[in-house]
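# Report on the structure
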Amino acid sequence: AQSVTQLDSQVPVFEEAPVELRCNYSSSVSVYLFWYVQYPNQGLQLLLKYLSGSTLVKGINGFEAEFNKSQTSFHLRKPSVHISDTAEYFCAVSEGDLGGNEKLTFGTGTRLTIIP
Amino acid sequence: DTAVSQTPKYLVTQMGNDKSIKCEQNLGHDTMYWYKQDSKKFLKIMFSYNNKELIINETVPNRFSPKSPDKAHLNLHINSLELGDSAVYFCASSQDDTNTEAFFGQGTRLTVV
């Protein structure tokens, strides 16, 4: 069974500073990895995803993430944050055997708060 | 055009009532899902339908009954509502059941009083 761990429940960062949100996963098979963002009172929006190929994935709003198979991690980074990045960020994993019946398993989320 | 739309956005109801939440997607996707987000923001899948057929049914009380009249719609009916059912319910869809990307609705905040 797959699982996702987001160790940091809250991350405060000053505006224009860099940020890294950590995500570790466990799975017995190959995986697809995702980061979703949830702005206040809104649904989830896909930031980026790793399916295969290059381990460095670039997403929307200047975010990127790196898939590290040996460390089973998929940390999210942004070199300079903006007030509008304040949101809840969810890491998710889907087992990538393409056998069908896949489901997303989410981490518990990290609340990113940008301090002016 | 909203890709995945849910109605209502807010729902306040008394314990014991029966209520429904509707979901529609206009993306032409084959697979639709219901997720529950609790007060601690934890997201967990409840159901998944592929081409109107139930393919995932997590451990959910049988008071919850999904219905998919066609592959663009997945409604959630809840009988005998309990206080613990209070949560935000998200509908989502993906192109197929390999779930390489899921698109989410705006959520329905259900409050049971």
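First things first, this report covers the structure right here in the doc. (Residues numbered from 1 in each chain as written. Chains lettered and ligands numbered in written order. Predicted model: local features only at pLDDT ≥ 70, side-chain atom pairs only at ≥ 80, totals over all residues. Heavy atoms only, no water.)

## What about the interface of chain B and chain A?
In this assembly, 23 residues from chain B lie in contact with 24 residues from chain A. Overall, the association of chain B and chain A removes approximately 1,900 Å² of surface from exposure, summing both partners, and the carbon and sulfur fraction of that is 54%. Viewed at the interface, chain A and chain B are joined by 1 salt bridge. Across the salt bridge formed by B:E101 and A:K49, the nearest N and O atoms sit 2.9 Å from each other. On the surface where chain B and chain A come into contact, there are 4 residue pairs in polar contact (both at pLDDT 80 or more). (Contact = heavy atoms within 4.5 Å. Buried area = accessible area lost by both parts, 1.4 Å probe. Salt bridge = Lys/Arg side-chain N within 4 Å of Asp/Glu carboxyl O. Polar contact = N/O pair within 3.5 Å; in protein donor to acceptor, adjacent residues only side chain to side chain.)

## Examining the sheet that holds strand β1 (residues 4-7) of chain B
Residue and element names in this part refer to chain B. Read across the sheet, 4 strands follow the order β1-β3-β8-β7 without closing on themselves; strand pairing throughout is antiparallel. Of all the strands in the sheet, just β1 and β7 (64-70) have a single pairing partner and so form its edges. Here the strands of the sheet are splayed against their neighbours by 20 degrees on average, with no regard to which way each runs. Where β1 and strand β3 (residues 19-25) come together, 4 bridges link them in antiparallel fashion. Within β3, the position partnered with S5 by the bridge is E24. (Pairing = 2+ DSSP bridges. Helix = DSSP H or I, 4+ residues; strand = E, 2+ residues; numbered from the N terminus. Axes fitted to C-alpha atoms, helices over the stretch in contact; angles between N-to-C directions.)

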